[in-house]
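What the coordinates show
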Amino acid sequence: MKYNYPSLNAEMPGREDVKKLTPNPASRELLQRMEDKNIETWLDRYEAQQPQCGFGLRGLCCRNCQWGPCRIGPKSPKGICGKDLNLMVMGNIVRALAAGLAAHGRHAHEVYMTIIAAAEGKLDFPLLGEERVWELAEKFSIQIEDKDLAQTAKEVAQFLLEDLGRMTADPMYMLEAYAPPERKQLWQELGVLPRSGSYEMMETLHMTTLGGCSDWTALAAQELRMALAYCYSTLYGSSMATEILFGIPQPKITEVNYGILKEDHVNILMHGHSPVMAEKVLEKIYSAEIQQQAKDYGAKGIVVGGMCCTGDELLCRHGVPSVTNIMGQELAIGTGAVDAVVVDMQCVIPGLKTAADCFGTEVITTCDSNRIPGAHHIPFDPERPDTLEQDAERIVQLALAAFKNRDRSHIHIPQHRSRAMGGWSCEAVVDAFGGLEKLAQHLKDGTIKGIATVVGCNNPKVPYEHNHVTIVKKLIENGILVTTTGCCSHALLNAGLCAPEAAEQASAGLKDLCRQLGIPPVLAVGGCVDNARSLRLFIDLAQQAGKHVKDMPFMFIGPEPGNEKTVGQGVTFLAHGVSNLVGFPAPIPVPLPTAKEGAQSNDEMDRGSNDVADFFAGDGLYEKVGARVYTEPYPKLAAQTVRMHIKRKRLGLGWRG
Ligand code: NFS
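Analysis parameters
- Residues numbered from 1 in each chain as written.
- Predicted model: local features only at pLDDT ≥ 70, side-chain atom pairs only at ≥ 80, totals over all residues.
- Heavy atoms only, no water.
- UniProt positions renumbered as here; feature names shortened; annotations may be inferred.
- Helix = DSSP H or I, 4+ residues; strand = E, 2+ residues; numbered from the N terminus.
- Rg over C-alpha atoms; globule rule 2.2 N^0.38 Å.
- Buried < 20%, exposed > 50% of the residue type's maximum accessible area, 1.4 Å probe, protein only.
- Contact = heavy atoms within 4.5 Å.
- Areas by Shrake-Rupley, 256 points an atom, 1.4 Å probe, with all protein chains shown as cover.
- Lys, Arg positive; Asp, Glu negative; His and termini not counted.
- Charge placed at Lys NZ, Arg CZ, Asp CG, Glu CD.
- Polar contact = N/O pair within 3.5 Å; in protein donor to acceptor, adjacent residues only side chain to side chain.
- Donors = N, O, S within 2.8 Å, 3.2 Å for Na, K, Ca; no water.
- Patch = residues over 30% accessible without salt bridge, like charges linked within 9 Å, V, L, I, M, F, W, Y side chains within 5 Å.
- Salt bridge = Lys/Arg side-chain N within 4 Å of Asp/Glu carboxyl O.
- Domains from an automatic or database assignment.
- Buried area = accessible area lost by both parts, 1.4 Å probe.
- Pairing = 2+ DSSP bridges.

As annotated in an unreviewed UniProt entry, the protein chain carries the name Carbon monoxide dehydrogenase and is attributed to Metallumcola ferriviriculae. For the protein chain, the Cofactor (unreviewed entry) comment in UniProt is given as "[4Fe-4S] cluster".

**Examining the overall build of the protein chain**
Counting its secondary structure elements, the protein chain contains 27 helices and 20 strands. For the protein chain, the C-alpha radius of gyration of 24 Å lies close to 26 Å, the compact-globule estimate for 657 residues. The principal-axis extents of the C-alpha atoms in the protein chain amount to approximately 80 × 65 × 60 Å. Buried residues in the protein chain amount to 61% of all 657 residues. Considering only residue pairs separated by 6 or more positions, the protein chain has 75% of its internal contacts joining residues 24 or more positions apart. Accessible surface, the protein chain: about 24,700 Å² in total, of which carbon and sulfur atoms supply 50%. Positive and negative side-chain charges of the protein chain, numbering 66 and 77 respectively, have mean locations separated by a distance of 5 Å.

**Thoughts on the side chain of asparagine 64**
With respect to the element layout, asparagine 64 can be found in the loop between strand S3 (61-62) and strand S4 (70-71). Only 3.1 Å separates the side chain of asparagine 64 from the backbone oxygen of threonine 208, close enough to count as a polar contact. When sequence neighbours within four positions are dropped, the list of residues in contact with asparagine 64 reads Lys83, Arg95 and Thr208.

**A short note on the coordination of the nickel atom of the ligand**
Exactly one donor from the protein chain reaches the nickel atom of the ligand: Cys528 (SG), at 2.3 Å. If you trace the backbone, cysteine 528 turns up in the loop between strand S15 (522-526) and helix H23 (531-545).

**Quick notes on a nonpolar patch on the surface**
A cluster of nonpolar residues, Trp67, Ile80 and Leu210, forms a patch on the protein surface that exposes about 330 Å² of accessible area. Residue placement: isoleucine 80 occurs in the loop between S4 and helix H5 (85-119).

**A closer look at the domain arrangement of the protein chain**
Along its sequence, the protein chain is organised into domain 1 (3-71), domain 2 (85-246), domain 3 (252-410) and domain 4 (421-594 + 604-653). With centres defined by C-alpha atoms, the gap from domain 3 to domain 4 works out at 32 Å. Contact residues are listed per partner, giving 25 residues for domain 3 and 28 residues for domain 4. Here domain 3 packs against domain 4, burying approximately 1,800 Å² in sum over the two surfaces, 57% of which is carbon and sulfur.

**Description of the sheet that holds strand S10 (residues 362-365)**
The strand order across the open sheet formed by six strands is S8-S7-S6-S9-S10-S11, and the pairing between neighbours is parallel. Taken across any chain shown, the strands that pair with only one partner, and hence form the sheet edges, are strand S8 (322-324) and strand S11 (376-377). The sheet contact formed by strand S9 (residues 340-343) and S10 spans four bridges and is parallel. Residue pairing across strands places valine 341 opposite valine 363, the latter belonging to S10.

So, in structure tokens, the structure goes:
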């Protein structure tokens, strides 16, 4: 069975496509196993939801007030309040960005408060990213004379908190510190400089409530304003604050994929986004007493595996093998080998617990925002830090007890493992190439044709991980260096594309360069907040080349977007002048081409149009920020679109190739 996108000549995959096209053999094996065992996964629930609502798919329904729900169609071109298509579609997108900002904002808040608690000596974390503390102190013009590391780190965290919560029109510290001058001037002229994450979330909900803003172009401006708040209060903020706590990552080799789980070991998965509790749990697991206790319980040792962005964080800093992403979480449980899964915040789907109950896996929630009925709840709160040590210990004890007590006769671990190199902080990338100047030179001379950051979630509307892997293979074949984060990075890690050996699959120039440097052509830079690392790399490289970011051969690609958080990622890059390519249409009605009047052949088509689609994909946004959104569901065509985009940018710069 296949399903169509309304008004777009493209199909969503059916079950057989997913099972055939999913590139990871371990995922295919586990999807089949779950089906055979009659244990439901997202694939069953996705099928049960078909056909999905055509209004919703196109962003044409509004549930913002109790007059509605209202839907826009030929018979009813306006909502009851008078809201037209533009206002409804733009309002929905802006609200999605606000929700994404809320998620990353809550994550940022936890990390900032942890720095403060650690600096005050209330939490036992050593502040391993000393360089980042001094860098930010200087950027924020904090007086550091007579202050030690802890005092300075605390002040830095207070500045970051202010960026998250400021209610006045003063500038954001992080934006002032890291945004390119050309952009700051532009955003000033466009009137889109934000106050803070919290203020812009409030303003967005305010603007889109019943009887709020009637001008869709003002909502479009708010979209940019909020993306900047998102970028500088939560992406840059969280990424750097996590570095202050746990250190700036350095490259390291590890093994990934479901095959890292071991039948005769205690298997613990760490899942979510904010790595604070996970770091403490890891510290306990590595202790000699816990290792001995595992042996006393009959285990040969303890395997820790990572999922989603917490997995990325642990991979980056400790080489903890990662297993999978948001749509693999039920499959990982389906191995029957997982004794406990420890989850913090976001992207932990309710279906996880259903699967866990079928295999006797303990689920332990560690964030008050992400409760799961029937799970053990051992929350971390940096403002009530006293119990962290005992809590982390309790979590490990639950996992050990689960190993000891549970029925382990249903274990099936697909034997697939890949080598991978993780730990690519912005500094590590630059150092690997021998400095910014050399990296910029490789770009100029065409050894590296361009840099694409390929990121984001999975989505059942796309054959699981197929687009991520297909696009990236094509890009490196064509000399385009790739950075990756989040769920996409797990697809690429498992596909072996983040191992130095993947250089063999790259274009001649990129292959030689990667071989010589001993690095892969696909650099896993961390969790989704670490998209800040790719953005910083883009900004620094443009500056090094004496160009603006918008003119550089860069692109942001989200082949399988799923979460509201991804809207903010995409618009962040757009606001900086980096065009997006997305794998299927956002909830924006895609204009349907029609035959021109008196047309002699099918080639003569009038491109349909509507204001919001034209704004993002046509000239509206482009004229403001120099970037636009391309949509291409077919991955080989998508890679071709990226190549053409990069080629055009190179031509514009007068750079060879
Ligand atoms: Ni990003 Fe991380 Fe994955 Fe999507 Fe969720 S894990 S923050 S939102 S689903 S990439």
